[in-house]
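# Observations on chain architecture
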Amino acid sequence: MSRNPYSLGIAAKYLSEIDLFTRFEFGPTLSSLMHQINDGTHLIVERNDRICGYVGWVRTTKDVAEDWLRNQGPLRKVADGDAIVVTIFHAQDSGDILRMIKAAKKMAPGLPVYWKRFYENERAPSPRAVKIRRSAPDTP
């Protein structure tokens with residue numbers, strides 16, 4: 001989406017129609033959307049001129065991401081960080097999930113990805129991470 005207030009409104013309207021997102025605080029969610037649109041760290045799925053999927057992330061460091069994942073520190077943006085934290089993700093069609101993830105990985109190749117999965121019922125959020133495994137150096 002373009003980096004403008006109209007895009008922010010479109011993304012906010014889409015998420016406001018998702019039951020799970022109506023339980024989140026408005027200020028932090030809107031702030032996240034604004035930063036993601038301004039930084040170009042988001043992707044959407046669109047069908048027939050309607051958004052039907054959104055993924056947005058923040059670049060940070062591995063240490064910040066792991067502390068945040070364990071609820072031991074705040075999440076903060078680090079422009080040239082060595083990790084990605086997905087903060088907003090939704091897809092109306094489960095078939096779009098893998099497509100969105102693959103497209104997002106192309107925008108930040110080689111970085112570990114962290115996120116917390118929230119559930120529609122009262123189940124507690126669960127931390128998740130996909131870390132990049134480095135190949136062991138060749139030994140003679």
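What comes next concerns the included structure. (Residues numbered from 1 in each chain as written. Predicted model: local features only at pLDDT ≥ 70, side-chain atom pairs only at ≥ 80, totals over all residues. Heavy atoms only, no water.)

With that out of the way, let us pick up unusual backbone geometry. Residue Asp 49 is not a glycine yet carries a positive backbone phi of 65°. Here Asp 49 lies in the loop between strand S1 (42-47) and strand S2 (50-60). (Helix = DSSP H or I, 4+ residues; strand = E, 2+ residues; numbered from the N terminus.)

Before going further, it helps to spend a moment on the packing of aromatic side chains. Here the structure, examined in full by the defined rule, presents 0 aromatic pairs. Sitting over the ring of Trp 68, Lys 116 keeps its end group 4.5 Å from the ring centre. (Phe/Tyr/Trp six-rings, centres within 6.5 Å; stacked < 30°, edge-to-face > 60°. Lys NZ or Arg CZ within 6 Å of the ring centre and 35° of its normal.)

With 11 residues, the main nonpolar core is built from Val 45, Cys 52, Val 55, Trp 57, Ile 84, Val 86, Ala 91, Met 100, Ala 104, Ala 108 and Leu 111. Of all the secondary structure elements, the ones that give two or more residues to this core are S2, strand S3 (83-91) and helix H4 (95-107). When sequence neighbours within four positions are dropped, the list of residues in contact with Ala 91 reads Tyr 14, Cys 52, Gly 53, Asp 96, Ile 97 and Met 100. Within the second largest apolar cluster, 10 residues are counted, among which are Leu 8, Ala 11, Tyr 14 and Tyr 54. (Core = buried A, V, L, I, M, F, W, Y, C linked by side-chain atoms within 4.5 Å. Buried < 20%, exposed > 50% of the residue type's maximum accessible area, 1.4 Å probe, protein only. Contact = heavy atoms within 4.5 Å.)

Bringing the side chain of Asp 96 into the picture now. Relative to the helices and strands, Asp 96 resides in helix H4. Here the side chain of Asp 96 touches Arg 99 through a polar contact of 2.6 Å, side chain to side chain. Beyond its immediate stretch of four places on either side in the chain, Asp 96 contacts Val 45, Arg 47, Cys 52 and Ala 91. (Polar contact = N/O pair within 3.5 Å; in protein donor to acceptor, adjacent residues only side chain to side chain.)

So, on to the pattern of salt bridges. As a working rule, side chains carrying opposite charge can pair if their charged atoms are close by. This model, assessed by the stated rule, comprises 4 salt bridges. Across the salt bridge formed by Lys 77 and Asp 39, the nearest N and O atoms sit 2.9 Å from each other. Here Lys 77, found in the loop between helix H3 (62-69) and S3, pairs with Asp 39, found in helix H2 (residues 26-39); they are 38 residues apart in sequence, far enough to count as distant. Note on Asp 39: relative accessible area 33%, which makes it partly exposed. Through salt bridges with shared partners, a single network forms among Arg 47, Asp 96 and Arg 99. (Salt bridge = Lys/Arg side-chain N within 4 Å of Asp/Glu carboxyl O.)

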